[in-house]
Each structure stands twice: as structure tokens, then as C-alpha cells.
Amino acid sequence: YYAAPVAEFLRAADDEVYAPLASPHGYTLAPEQLSAWRLQLPVLRAALSNVAEVADGQSAAPWIHLEFDIPRLGRRVDAVLVTSSCVIPIEFKVGAKTFERPDYDQAWDYGLDLKNFHAPSHAAAIFPILCATEAPRGDARWKPPHPDGVRPPFRCSGAELGRAIRLALEASPS
């Protein structure tokens with residue numbers, strides 16, 4: 001529901017981001033949803049603050065999509081970072097202190113859904129991330145990709161999200 005180049009997202013006021021997220025709901029949101037976005041935005045902005053430099057030299061500026069709708073499936077990914085070398089779907093579990101198996105599977109499903117049901121992602125390297133914002137420590141590195149180009153999800157805390165993204169960009173094909 002929201003899409004912008006990363007540099008524009010970093011400069012945007014929170015209300016500029018919330019408005020397109022809320023408009024499909026007629027601006028009547030459950031308090032839990034608005035609260036989740038209010039907690040996700042600072043984590044995502046901190047994580048993306050260095051993406052422009054890491055992605056520098058790529059053929060196109062990276063974009064961020066929030067509440068990205070996966071065609072034909074009626075599912076929405078919390079955030080999707082799109083660069084010229086990879087696609088990074090991010091599933092947030094705000095306030096979570098542990099990485100639960102159903103959440104891990106959900107992040108992986110989003111990566112697979114993008115690969116198989118979103119035509120522009122068919123040829124892309126996919127790096128799904130599960131971000132349990134309050135978890136003490138996540139994965140140290142990305143696991144190798146499966147033959148379809150989708151990596152198993154990287155588990156990280158909110159504080160580690162920027163590192164997870166940087167490692168994905170460094171591991172993505174040129």
C-alpha cells in the first residue's frame with residue numbers, strides 16, 4: 001500500500017507513510033495495526049539508513065514497499081525491499097522475544113509466494129527475513145539458496161535488521 005525509493009522513505013514524515021497504508025481500510029484501523037506500524041517504522045528506517053550506500057553502484061535505486069500485496073493470494077508482506085540484485089521480504093513480529101516456527105514458515109512462504117506468484121520476482125534472488133523485534137540474537141549469516149533462488153529466512157532482532165539487509169545485499173548476485 002506504500003511504495004517509495006528508500007531515500008524518499010527515510011525523509012518522509014510518519015503521517016505520509018501511514019496515509020496510504022490506512023486508506024484501503026477507510027482510515028479506520030484496528031489500534032493494534034497502527035501500533036505495529038508505529039513500532040516498525042523506526043526499526044525499518046534505522047535498518048535502511050545505510051542501504052543507499054550498500055546498494056550504491058547498482059543499476060537502480062532501492063525501493064521499499066509496505067503491506068505489499070502478493071497477487072492472486074490475498075496475502076500481504078509487512079515490508080519488501082527491492083534492489084536491482086535481489087528482493088528482501090521482511091516479516092515483523094513486533095515485541096516478539098523468540099523466533100517461533102509458524103512465523104519462520106510465514107516468512108519463508110512470503111519468499112516463495114513472491115518467487116512463484118509475482119512475475120517480476122521470478123528471476124530474482126529472494127532473501128526473506130523474520131524480524132522478532134525484541135529477540136536477543138538472530139542468525140550469524142545467510143544459509144545457501146535453494147535451487148529456486150529463495151534463501152531460508154534469516155532470523156534477526158530489530159537491532160540486527162540493518163545487518164541482515166547488508167549481508168543479503170553483499171551475498172546477492174551482481
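Now for a description of the structure that goes with this document. As the structure is a prediction and not an experimental result, all values here were calculated from the model. (Residues numbered from 1 in each chain as written. Predicted model: local features only at pLDDT ≥ 70, side-chain atom pairs only at ≥ 80, totals over all residues. Heavy atoms only, no water.)

Here we look at the pattern of salt bridges
Then, number 1: Counting across every chain of the model gives eight salt bridges.
Then, number 2: D14 is the partner of R45 in a salt bridge, and the nearest nitrogen-oxygen pair spans 2.4 Å. Here R45, found in helix α3 (residues 31–48), pairs with D14, found in helix α2 (residues 14–22); they are 31 residues apart in sequence, far enough to count as distant.
Then, number 3: Note on R45: relative accessible area 15%, which makes it buried.
Then, number 4: The residue R101 makes a salt bridge to D105 at a minimum N-O spacing of 3.0 Å. On the criterion of helical spacing, the pair formed by R101 and D105 is a turn pair, its members being four residues apart in helix α5 (residues 101–117).
Then, number 5: Exposure remark for R101: the relative accessible area of 53% places this residue in the exposed category.
Then, number 6: Using a relative accessible area of 29% as the deciding quantity, one classes D105 as partly exposed.
Then, number 7: Sharing partners across several salt bridges, the network here consists of E91, K93 and D103. (Salt bridge = Lys/Arg side-chain N within 4 Å of Asp/Glu carboxyl O. Helix = DSSP H or I, 4+ residues; strand = E, 2+ residues; numbered from the N terminus. Buried < 20%, exposed > 50% of the residue type's maximum accessible area, 1.4 Å probe, protein only.)

What to know about α5
Then, number 1: The terminal C-alpha atoms of α5, which comprises 17 residues, lie 23 Å apart, in line with the 24 Å expected from a rise of 1.5 Å per residue.
Then, number 2: Packed against the buried residues of α5 are β2 (63–70), β3 (75–82), β4 (86–93), β5 (125–126), β6 (129–132) and β7 (154–156). (Expected span 1.5 Å × (residues − 1). Contact = heavy atoms within 4.5 Å.)

Some thoughts on the pairing of β6
Then, number 1: By the alternation rule, side chains of β6 split into I129 and C131 and L130 and A132, which are all buried.
Then, number 2: Of the pairings in the sheet, the one linking β4 to β6 comprises four bridges and is parallel in character. In the sheet register, K93 faces β6, and the bridge partner there is A132.
Then, number 3: Pairing of β6 with β7, which is carried by three bridges, proceeds in the parallel orientation. Counterpart to C131 in the pairing with β7 is C156. (Pairing = 2+ DSSP bridges.)

Description of the nonpolar core
Then, number 1: With 35 residues, the main nonpolar core has L44, I64, I88, I90, I129, L161 and I165 as its most contacted residues.
Then, number 2: Not counting residues up to four positions away in its chain, the partners in contact with L44 are F9, I64, L66, A79, I90, F92 and L161.
Then, number 3: Core analysis: the next-biggest nonpolar cluster, separate from the first, contains 14 residues, Y104, L114, A124 and L130 among them. (Core = buried A, V, L, I, M, F, W, Y, C linked by side-chain atoms within 4.5 Å.)

A closer look at the pairing of β2
Then, number 1: When you tally the buried positions in β2, you get six out of eight residues, the bulk of the element.
Then, number 2: For strand β1 (residues 2–5) and β2, the ladder comprises four bridges, and the chain directions are antiparallel. When the sheet's bridge partners are listed, P5 is paired in β2 with W63.
Then, number 3: Where β2 and β3 come together, seven bridges link them in antiparallel fashion. Bridge pairing in β3 links I70 to R75.

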